[in-house]
Structures are given as structure tokens and as C-alpha cells.
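The residues making up each chain are set out below.
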Amino acid sequence: MTVDVNKTDGPADTPPAGPEAIKAIPVRHPGRYVSAAIALGLLGSIIYAFAQGNINWGAVPEYFFNGRVIEGLLNTLLLTIVSMLIGIVGGILLAVMRLSKNPVTSSIAWFYIWFFRGTPVLVQLFVWFNLGIVFTYINLGPIYKDYWSVFMTPLLTALLGLGLNEAAYMAEICRAGLLSVDEGQTEASHALGMSHAKTLRRIVIPQAMRVIVPPTGNEVINMLKTTSLVSAVGYMDLFKVAQDIGQRAGSVVEMFFLASAWYLILTSIFSVGQYYLERYYAKGSTRSLPPTPIQRFKGMLPARRPKGVSA
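Residues numbered from 1 in each chain as written. Predicted model: local features only at pLDDT ≥ 70, side-chain atom pairs only at ≥ 80, totals over all residues. Heavy atoms only, no water.

**Student:** I'm lost on the overall build of the protein in this one. Help?
**Tutor:** Looking only at helices and strands, the protein features twelve helices and two strands. Of the regular secondary structure in the protein, the N- to C-terminal order runs α-α-α-α-α-β-β-α-α-α-α-α-α-α. Looking at the protein as a whole, 29% of its 311 residues are labelled buried. Counted over contacts in the protein with a minimum sequence separation of 6, partners at least 24 positions apart contribute 72%. Total accessible area computed for the protein in this model is approximately 21300 Å², and 65% of it derives from carbon and sulfur atoms. (Helix = DSSP H or I, 4+ residues; strand = E, 2+ residues; numbered from the N terminus. Buried < 20%, exposed > 50% of the residue type's maximum accessible area, 1.4 Å probe, protein only. Contact = heavy atoms within 4.5 Å. Areas by Shrake-Rupley, 256 points an atom, 1.4 Å probe, with all protein chains shown as cover.)

**Student:** Explanation requested: the pattern of salt bridges in the structure shown.
**Tutor:** When their charged atoms lie close together, side chains carrying opposite charge are able to pair. Taken as a whole and judged by the stated rule, the model has four salt bridges. A salt bridge links Glu172 to Arg175, with the nearest nitrogen and oxygen atoms 3.0 Å apart. Placement of both Glu172 and Arg175 in helix 7 (residues 154-179) is noted, with a separation of three residues, approximately one turn of the helix. Note that Lys240 is salt-bridged to Asp244, the shortest N-O span being 3.9 Å. Here Lys240 pairs with Asp244, and both are found in helix 10 (residues 238-249), just four residues apart, close to one helical turn. For the pair Lys240 and Asp244, a shared accessibility class is recorded, and that class is buried. (Salt bridge = Lys/Arg side-chain N within 4 Å of Asp/Glu carboxyl O.)

**Student:** Can you help me understand the packing of helix 3 (residues 67-98) against helix 10 in this one?
**Tutor:** Packed helices, taken two at a time, are described by the angle their axes make and the gap between the axes. Relative orientation of the contacting elements helix 3 and helix 10 amounts to 155°, with a least axis distance of 7 Å. Regarding the angle of helix 3 to helix 10, the classification is roughly antiparallel. Along the contact surface, helix 3 presents Arg68, Val69, Gly72, Leu73 and Thr76, while helix 10 presents Leu238, Val241, Asp244, Ile245 and Arg248. Within the contact of helix 3 with helix 10, the residues separate by chemical class into five nonpolar, two polar and three charged. (Axes fitted to C-alpha atoms, helices over the stretch in contact; angles between N-to-C directions. Parallel < 35°, antiparallel > 145°, perpendicular 65-115°, else oblique. Nonpolar A, V, L, I, M, F, W, Y, C, P; charged D, E, K, R; others polar.)

**Student:** Could you clarify how one ought to interpret the environment of Arg279 in this entry?
**Tutor:** Tracing the sequence through the fold places Arg279 in helix 11 (residues 252-281). What makes Arg279 buried here is its relative accessible area of 17%. Spatially, the C-alpha atom of Arg279 lies 9.1 Å from that of Arg210, the residues being 69 residues apart in sequence.

**Student:** Sorry if this is basic, but what is going on with helix 9 (residues 196-226) here?
**Tutor:** Side chains that are three or four residues apart share a direction in an α-helix, a result of its 3.6 residues per turn. Over its 31 residues, helix 9 extends only 36 Å from the first C-alpha to the last, a length that falls short of the 45 Å expected when each residue adds 1.5 Å. Within helix 9, the axis deviates most sharply at Arg210, by approximately 50°, and proline Pro214 lies no more than four positions further along. Where helix 9 starts, the residue carrying a side-chain oxygen 3.3 Å from the main-chain nitrogen of Lys198 turns out to be Ser195. (Expected span 1.5 Å × (residues − 1). Bend = angle between axes of the 7 residues up to and from the residue. Polar contact = N/O pair within 3.5 Å; in protein donor to acceptor, adjacent residues only side chain to side chain.)

**Student:** What's the story with the side chain of Thr216 in this structure? I'm lost.
**Tutor:** Counting through the fold element by element, Thr216 comes out in helix 9. For Thr216, a relative accessible area of 12% corresponds to the buried category. Ignoring anything within four residues of it in the chain, the contact list for Thr216 reads Met84, Ile88, Met170 and Ile173.

**Student:** Could you clarify how one ought to interpret helix 10 in this entry?
**Tutor:** Across its twelve residues, helix 10 extends 16 Å between first and last C-alpha, which sits within 8% of the 16 Å expected from 1.5 Å per residue. Residues of helix 10 that are buried include every one of Leu238, Lys240, Val241, Ala242, Asp244, Ile245 and Gly246, and no others. Buried-residue contacts for helix 10 involve helix 2 (59-63), helix 3 and helix 11. In the stretch just after helix 10, Gly250 is the one whose phi turns positive, near 70°.

**Student:** Is there a simple way to think about the packing of helix 8 (residues 183-191) against helix 9 in this case?
**Tutor:** Look at helix 8 against helix 9: their axes get within 10 Å of each other, and the N-to-C directions meet at 145°. Regarding helix 8 and helix 9, the two cross each other, and that crossing is right-handed. Along the contact surface, helix 8 presents Gln185, Thr186, Ser189 and His190, while helix 9 presents His196, Thr199, Ile203, Val204 and Gln207. Partitioned by chemical class, the residues of the contact of helix 8 with helix 9 number two nonpolar, seven polar and no charged. (Left-handed = near helix turned anticlockwise from the far one by under 90°.)

**Student:** How do you make sense of the packing of aromatic side chains when you look at a structure like this?
**Tutor:** Aromatic ring pairs: the centre-centre distance and the angle between the two ring planes describe each pair. The tally for this structure, following the rule as stated, stands at 14 aromatic pairs. With centroids separated by 5.1 Å and ring planes inclined at 75°, the aromatic side chains of Phe64 and Phe65 adopt a geometry described as edge-to-face. Taking the centre distance of 5.9 Å and the plane angle of 90° together, the rings of Phe65 and Trp262 count as edge-to-face. With Phe65 in the loop between helix 2 and helix 3 and Trp262 in helix 11, this pair connects stretches of sequence that are 197 residues apart. Since its relative accessible area comes to 62%, Phe65 is described here as exposed. According to the relative accessible area criterion, Trp262 is buried, its value standing at 9%. (Phe/Tyr/Trp six-rings, centres within 6.5 Å; stacked < 30°, edge-to-face > 60°.)

Structure representation (C-alpha cells):
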């Protein structure tokens, strides 16, 4: 009797039994649904309370594009841009002074930053506006001579109060950005014969911008909202105009809502600009930049087939 060694008990084409596939069961998070329901309930309650309140909502669209409101809006933008320019230029100078090896220069910059960061902006505005008790008149020789009360207009008070205060904060931001650049690059630039000023302008500052830009964008948005303080010295910004219109029309709270809407619009626009500016200076720091919201939206759309190609 012979035995066939090639013979098997089962079918020849049956594969060997492998490990069973793991059936993943997602973890349930009932707390998320509860917290979402509570948040929606609170949001609905707030909306219902505002809808039932004694608020003349029609006054908001009525004055939204009013000539005085638009003029106050432009004054706010002007004040924001000029004050930030003063703050950025002053901040760069103070940061360079702060990093100087000259103890006198470094101490002056430190005292400036300490003083302006340690006092409220509103107090600084009132101090500038009332310095006439110290300087009765200002005398610049043949260029200008007049009483301090005439010289220190609400616009000039606002620019000095906001710009000089912002310079103290920008100095710390710029100093952090300059310190983020490796010292070896400065030494290499000096070895090539570049002056200290040229090294800062061409080597250090361009690389430091990646660190400086994000907090500077936040400072711009913060400056836009801080401009509302200048209404205390009589400057006709957006908040001051809305306040005056509200008192005359008997819609004070409604005009505050209007001003808030304009501030939200402007901060949203500035936030978009900040986003793309950060992407520009982030080139080279990462291998690939994340897609923009527009690119992500286009990626969600179905791809178009070229003309002449059928399905």
C-alpha cells in the first residue's frame, strides 16, 4: 500500500487561515453632546434676550453708512496707521539701543520702555493734552511759535499718546526678533566687511521678521481698538462720532453696536492681511506652507474634466 504525500485533507486552493480583522469601535463621548447642547442653549437665550430687549435695531442700518460715521472711520484708520508707523520706527530704534553695548544708550532705552509700559495709555493722553501747565508756549524759533494749548491739538495728542506708547511694546517685540537670529551670521557679515548698520538692514532684520510679524499684527489690531480712548481728548474717531450721534438721536446703545460692527469688520480685514503677511515671511522656514482657506475650498470642489474628454 502506497501513500500519496501530496494529498491534503482540504481543498488545494484554500489559503491558510490568518488573523481576524480588528473591528475598531469608536469611543463614545457623550460629554461633547451635552456641552454642545448647553452652549447652543446659552447662545439661543442670549439671542432671544437681545431680540426682546428695548433696542431700536433699525437705527444701526440707518446710520451705518452715515457721512459722519464714515469720516470717523477714516480718522480711526489714519490714527491707527500713523501711530503704528511711529511705534514700529521707534521700537526698532529702541531695540537697537537696548542691545547696544553702550551703557548710557542701553539705560535710556530701558527707562523709556519701563516708563511707557508702566503707565496707562489714557493717563498718557491726558498728560500730553495738559502739559500746558509746564510749557506755557512752544518756541521752535523761526519755524513755529504758539501757545501749548493751540499747538497740542487732539490729533497730535492722540498720535503722541498712542505712538510713543506703542514704541515701548514694539521695542520688546523687535528685540526678541533680533535676538532670534544666530550671532554667527552677524560675525560672518562683519568678517565680509559689512558695517553694523548694513548688517542689521540686510542680514539680521529680514530674518527677524519671521518672529516680529505675528505679534506686530496683533499690535495693529490692538491699536485699532485702543484708538477709542482718544475720544477722551476730543478727537473725532469712530467711537466719538458714534457716541455723539447716539446722544443726539436718542440711540446711544444702538450706536455702540454700530461702532462695534465696524470694529469687527476692520479687525477681520486686518487679520486676513496678517495671515498672508505671516505666510510670506514664513517662506524658507518650513518645507511646505499649509494651504490657504481659498486653496482648501478649491480642493473641496469636484475636479473639472478637460474639454473633449468624456466620462
